[in-house]
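Notes for the structure review
As a plain string of letters, each chain reads:
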Amino acid sequence: MNPLADFLADPGRAPFAGAAPAVSWRQDDDADWQRTLAAAGAQALELARRGRSHGRIALLPAALGRAQWPRPSQARHLWERARPMRLADALGDGLRDWRNELHRALLRADDVSTPAGLGHWLGAALGGRGARFSPGPPLDRTDAERDIGRVAVRDGSHPVRTLWVKSARLSTFAGDTSLRLRFGFGAEGADDGSLDEPSHRAVAALARAACPEIALVEGARELWSLVESAAGAKLYPTGAIVYWNAPQGGARMHHDAFRPDDGTGQRGVLYTQLVGRTFWLTLSSADLGRRLVEFAELVLAGEMPWLRGELDGVDFEALAALGDDPRALADELGQPDQGRWGKLVDRGPEFTLFLVDSGHGVLLDAGDAILLPNHGLARTALHSVFCASGGRTLATSFGLRLAR
């Protein structure tokens, strides 16, 4: 009898498509369970973000889980249900062939960490006279606390189009040096979900011109073939973001939907890990709703009694009752910060480790990708990210839009 095999085979657990399994690893676990994890070759990882511990997990070898890509028919099934997919080694030999470019991209974080540095780097990256894109004047910051700088970019092929590039911190936490570089057009926020395909394609061209590593990702033919097979449609990438997640960094649980129904707009997000590692909690809004109801029922049955006092304002009775109305719960989870339930979703470690043990945690190593489908605010993939390396990492993400 193997308690680990029995745990992983529990029908209540949802194995993550394409991922080796992860389970919680608490210090007060009984000795037999800890020996079982050690014998399986488990690797411990402490999850922490912005000074808050989310607990310790055990990363298990791929041989015990599902490291292979989902089949096209399975990928299509997962896409329709807005369930995320890990695509292991999606970039293949590209990491080795592009190691010099990736090293320079990793160091770019220092270049864009000041307003002046952002402008200087952008001018050098876009080239000189005759290039399609050229830097314009600095623009106002849209997030006064986190934005470092934002620069207008002139598009020589369409002089009236307003493009921009901005660098920003991921948080205001003093111990988090994470940064991101984002490409967009028009009014930030208001135009992010626009159906203006020519402008979205111009943003994609700008990102390719500025960041060589974009070509590494866009050139991964097997990866894009699987993406389009899953979506059942021709998609194009835009809205590129380059991430430098650092220890204590990452992202709180969120989604990337813009509309109640995104059938004609952004259909998903593709994230690729280029340097270092990140750990993700990610699941569909329907699955998150189901896990929240299960968790509320545990609390109401007397588990983790301290939570009711520490999460003042979270109505566990009302949450459990939403098990009879999954649509209403999905609508609530589509609100900013998951509406009434955000305080519980992002608390950690209790709910974080519950999600890990339920099969919704995944490690991304360099070269891996994760596909996050989206069908609108109430049917999308939500995700929360932790840095799993000792220093800055490098990654890219793209919005996947329907080619019209």
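The notes below deal with the structure included here. Bear in mind that the values here come from a model prediction, so they are computed numbers and not experimental data.

When its secondary structure is counted, the protein chain shows 15 helices and 16 strands. For the protein chain, whose C-alpha radius of gyration is 21 Å, the value lies close to the compact-globule estimate of 22 Å for 404 residues. The dimensions of the protein chain, computed from C-alpha atoms along their principal axes, are 70 × 45 × 45 Å. Taking all 404 residues of the protein chain together, the buried fraction comes to 53%. For the protein chain, restricting intrachain contacts to residue pairs at least 6 apart in sequence, the fraction spanning at least 24 positions comes to 75%. With the model as given, the accessible surface of the protein chain reaches about 17,200 Å², and the carbon-plus-sulfur share is 51%. Both charge centroids of the protein chain, one from 47 positive and one from 50 negative side chains, sit 6 Å from each other.

What follows is about the pairing of strand β13 (residues 361-364). The alternating pattern of β13 places G361 and L363 and V362 and L364 on opposite faces, both of which are buried. Here 4 bridges tie strand β12 (residues 278-284) to β13, and the two strands are oriented antiparallel to one another. Within the sheet, the bridge partner assigned to L281 lies in β13 and is G361.

Note on helix geometry: an α-helix contains 3.6 residues per turn, so any two residues three or four positions apart are oriented the same way. Taken together, the buried positions of helix α2 (residues 31-39) are occupied by W33, T36 and L37. The buried residues of α2 occupy one face: seen down the axis, they fall within an arc of 95°. Across α2 from its buried face, at more than 90 degrees, point the exposed residues R35 and A39. Contacts from the buried residues of α2 go to α1 (3-8), β1 (22-24) and β3 (52-59). The backbone nitrogen of D32 lies 3.1 Å from a side-chain oxygen of the residue at the head of α2, namely D30.

To continue, consider the sheet that holds β3. Here we have 3 strands laid out as an open sheet, ordered β1-β3-β2, and antiparallel in their pairing. With one partner strand each, in any of the chains shown, β1 and β2 (43-49) form the two edges of the open sheet. Neighbour to neighbour, the strand axes of the sheet diverge by 35° on average, direction disregarded. Taken together, the 6 bridges between β2 and β3 define a ladder with antiparallel strand orientation. Note on β3: the bridge partner recorded for Q43 is L59.

Attention now moves to helix α9 (residues 221-231). All buried positions along α9 are accounted for by L223, W224, L226, V227, A230 and A231. Seen along its axis, α9 keeps its buried residues to an arc of 160°; they face one direction. Away from its buried face, by an angle of more than 90 degrees, α9 presents the exposed residues R221 and E222. Immediately beyond the C-terminal end of α9, within one or two residues, lies G232, with a positive phi of roughly 65°.

Once that is clear, we can look at the environment of G127. Inspection of the secondary structure puts G127 in the loop between α6 (115-126) and β5 (133-138). Under the relative-accessibility criterion, G127 is labelled partly exposed at 39%. Sequence separation between G127 and A5 is 122 residues, and the spatial gap between their C-alpha atoms is 56 Å.

Turning to its location among the elements, H383 is positioned in strand β15 (residues 381-387). A polar contact is formed between the side chain of H383 and the side chain of D256, at a distance of 3.2 Å. For H383, the contacting residues outside a window of four places in its chain are R252, M253, H254, H255, D256, W280, L281, T282 and L372.

The rules we used
Residues numbered from 1 in each chain as written. Predicted model: local features only at pLDDT ≥ 70, side-chain atom pairs only at ≥ 80, totals over all residues. Heavy atoms only, no water. Helix = DSSP H or I, 4+ residues; strand = E, 2+ residues; numbered from the N terminus. Rg over C-alpha atoms; globule rule 2.2 N^0.38 Å. Buried < 20%, exposed > 50% of the residue type's maximum accessible area, 1.4 Å probe, protein only. Contact = heavy atoms within 4.5 Å. Areas by Shrake-Rupley, 256 points an atom, 1.4 Å probe, with all protein chains shown as cover. Lys, Arg positive; Asp, Glu negative; His and termini not counted. Charge placed at Lys NZ, Arg CZ, Asp CG, Glu CD. Pairing = 2+ DSSP bridges. Arc of directions from axis to C-beta. Polar contact = N/O pair within 3.5 Å; in protein donor to acceptor, adjacent residues only side chain to side chain. Axes fitted to C-alpha atoms, helices over the stretch in contact; angles between N-to-C directions.

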